[in-house]
Amino acid sequence: MELQRAERLIQLAQQQRDFSRAIRISLDEAIIQDIIDRPDVPELIRTSPLTRREWQILSLIHAGLSNDQIAEHLKVASTTVKTHIRSLYQKQNISHRSAAIELAKDLLSKIQGE
């Protein structure tokens, strides 16, 4: 059942092409664990140094949300979001939001087996 849930979420993410104010996929901890536990997920993703919260924030960056929108969505302070973003950038050796979006696209394509 969990595998079906993860596959359905990925399918919905593929169908959603309008990024303006839309949250493509909100990755809560259960969904992230479902994705990581899938046997067909590449080792790169399974052993990622990102925390679950960093995965969530990366998905929301990919969806086109601003830091303030991410903070509102996650019900945390915007400074908390900035801290997670800084950590995510350091772990992935990136320095711009556009690089984070490209990283998310790359990871999503690996999850989808493309």
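A.B. asks: Whenever I open this one, the nonpolar core confuses me. Can you help?
C.D. replies: The tendency in soluble globular proteins is for nonpolar side chains to be buried as a group. Core analysis: the biggest nonpolar cluster contains 20 residues, and Leu58 and Ile70 have the highest contact counts within it. Secondary-structure elements contributing two or more residues to this core are α4 (52-62), α5 (67-74), α6 (78-92) and α7 (97-111). Looking at which element gives the most residues to this core, the answer is α4, with five residues. Beyond its immediate sequence surroundings of up to four residues, isoleucine 70 is in contact with Ile57, Leu60, Ile61, Leu65, Val81 and Arg97.

A.B. asks: Honestly, the environment of isoleucine 85 in this entry has me stumped. Any pointers?
C.D. replies: The residue isoleucine 85 is located in helix α6 in this model. Isoleucine 85 sits 32 residues away from arginine 53 along the chain, and the two C-alpha atoms are 9.8 Å apart. Each residue touching isoleucine 85, except ones within four places of it in the same chain, is listed here: Ile57, Ile61, Asn67 and Arg97.

A.B. asks: Help me understand the environment of glutamine 69 in this model?
C.D. replies: Counting through the fold element by element, glutamine 69 comes out in helix α5. Judged by its relative accessible area of 31%, glutamine 69 falls in the partly exposed class.

A.B. asks: What is the right way to read the pattern of salt bridges from this model?
C.D. replies: Proximity of charged atoms lets side chains of opposite charge pair with each other. What the rule picks out here adds up to two salt bridges. Of the charged contacts in the structure, one is a salt bridge between glutamate 54 and lysine 91, with a shortest N-O distance of 3.0 Å. Highlighted residues: glutamate 54 in helix α4 and lysine 91 in helix α6, separated in sequence by 37 residues. Assessed through its relative accessible area of 3%, glutamate 54 is described here as buried.

Thresholds, definitions, all that
- Think of each chain on its own: its residues are numbered from 1, step by step along the sequence as written.
- The predicted nature of this model means local features are confined to residues of pLDDT at least 70 and side-chain atom pairs, given and counted, to a pLDDT of 80 or more, with totals for whole chains, interfaces and linings taken over all residues.
- Side-chain descriptors were evaluated using all non-hydrogen atoms of the structure, hydrogens and water having been removed beforehand.
- The criterion is simple. A nonpolar core is a set of buried Ala, Val, Leu, Ile, Met, Phe, Trp, Tyr and Cys residues joined through side-chain atoms within 4.5 Å.
- Buried, partly exposed and exposed residues are distinguished by accessible area as a fraction of the type maximum, computed with a 1.4 Å probe on protein chains only: under 20%, between the cut-offs, and over 50%, respectively.
- In DSSP terms, a helix is any run of H or I states spanning at least four residues, a strand is any run of E spanning at least two, and both are numbered starting from the N terminus.
- Between two residues, a contact is recorded if the distance between any of their heavy atoms is within 4.5 Å.
- Salt bridge, as used here, is a side-chain nitrogen of Lys or Arg placed within 4 Å of a carboxyl oxygen of Asp or Glu.

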